[in-house]
Amino acid sequence: MTIQWFPGHMTRARRQIQEKLKLIDIVIELLDARVPMSSRNPMIDEILLDKPRLIILNKADLADPRATDRWISFFGGHGHPCIAVDSSTGTRVDEIPGRVQEILKEKIDRMRSKGMNPRALRALIVGIPNVGKSTLINRLAGRNIAETGDRPGVTKGQQWIKVGKELELLDTPGILWPKFEDELVGYRLAMTGAIREQILNIEDIAYFAVRELVERYWDALEERFGIDEPPADLENNQEIVRVMEDIGRKRGCLMSGGRVDLEKASGIILRELRAGKLGKITLEEPDPYA
Ligand code: GDP
């Protein structure tokens, strides 16, 4: 899915989420564990205001666990409880209802002290396209999803999906736009597959990917592609292109005359990076935001 975000779309997306905030107790903000800041909406605090929030670093199976731990501490330090999950297999997804209960404990206690029976807590999942919202909703829903479908007798409009006894999810997540103004953000999202290649040039994306990998995960490149000469100067474009050519040569991406087919090599680099073939890789550390 590619969404073209224009100012009108952003205003509408924001309004749609703000309308739903009235219906829910907590927002589940989904980020990509490999690029937590680039996959974050730039106006998220303004949009959610003081609604309780649980941050989820999704796709943690593809991210560097050491960096993920640092991000969890970072968000925790900023007052946002945070957990890391893999929605594709469901790893740690079952911790979500318990964390929601913890965050909303005061509210639940208040209801109890007024003699009310606490009802199921209601949550809305929000995030940029491709971060895994539908996958997580399906995981959390398990087999309950069929019961909330659009069928005669069921109220039209918002549908709630039951997650055990104590949590309900709005069935349609809130879709947010990423931070486009920053070129690096665009390239990082393209590297992880969140932005379609048609928008950016594939060789440019692979170039950015290789530069970032050389800087942070040279060993992974060396091991995966069998290359052995790291560039001496990251700012020298020619040296990064040379690494791309080395990779292309190792993978037989040659054109007539023996020149490396950079487009083909770029496709291989990006496909394998996104599939986790280079190992668990995180492109952003929290330090610049501390
Ligand atoms: P949405 O646009 O936010 O609803 O994103 P989707 O749920 O459609 O997921 C986008 C892609 O990411 C799909 O190919 C999913 O299979 C994949 N995906 C979602 N969650 C995870 C995860 O935790 N780990 C991995 N490896 N892939 C995931």
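See the structure shown above.
Residues numbered from 1 in each chain as written. Predicted model: local features only at pLDDT ≥ 70, side-chain atom pairs only at ≥ 80, totals over all residues. Heavy atoms only, no water.

Colleague: Sorry if this is basic, but what is going on with unusual backbone geometry here?
Modeller: Trans peptide bonds make up the majority, and among non-glycine residues the majority have a negative phi. The phi dihedral of L49 falls on the positive side, at around 50°, and the residue is not glycine. Mapping L49 onto the fold places it in the loop between α2 (44-48) and β2 (53-58). We classify L49 as exposed; its relative accessible area is 60%. The phi dihedral of K59 falls on the positive side, at around 60°, and the residue is not glycine. Checked against the element boundaries, K59 lands in the loop between β2 and α3 (65-77). What makes K59 partly exposed here is its relative accessible area of 21%. (Helix = DSSP H or I, 4+ residues; strand = E, 2+ residues; numbered from the N terminus. Buried < 20%, exposed > 50% of the residue type's maximum accessible area, 1.4 Å probe, protein only.)

Colleague: Just to check I follow, could you spell out the pattern of salt bridges for this structure?
Modeller: Pairs can form between side chains of opposite charge once their charged atoms are near each other. Using the criterion set out here, one finds 23 salt bridges in the structure. In this structure, R34 engages D32 in a salt bridge whose closest nitrogen and oxygen atoms are separated by 2.8 Å. Given a relative accessible area of 5%, R34 falls into the buried group. The partner of D64 in a salt bridge is R66, with the nearest N and O atoms 4.0 Å apart. Exposure remark for D64: the relative accessible area of 12% places this residue in the buried category. Taking relative accessible area as the criterion, R66 reaches 48% and is therefore assigned partly exposed. One salt-bridge network, held together by shared partners, links D64, R66, R70, R216, E285 and D287. (Salt bridge = Lys/Arg side-chain N within 4 Å of Asp/Glu carboxyl O.)

Colleague: Would you explain the site of the ligand in this entry?
Modeller: Around the ligand, a shell composed of 16 residues is seen, among which D61, S87, K133, S134 and T135 lie nearest. Measuring from an oxygen atom of the ligand, one finds a side-chain N or O atom of K59 at 3.0 Å. Separating an oxygen atom of the ligand from a side-chain N or O atom of D86 is a distance of 3.1 Å. Here the element with the most residues in the shell around the ligand is helix α6 (residues 133-141); it accounts for 3 residues. Across the shell around the ligand, the residue classes tally to 5 nonpolar, 7 polar and 4 charged. (Near = heavy atom within 4 Å. Polar contact = N/O pair within 3.5 Å; in protein donor to acceptor, adjacent residues only side chain to side chain. Nonpolar A, V, L, I, M, F, W, Y, C, P; charged D, E, K, R; others polar.)

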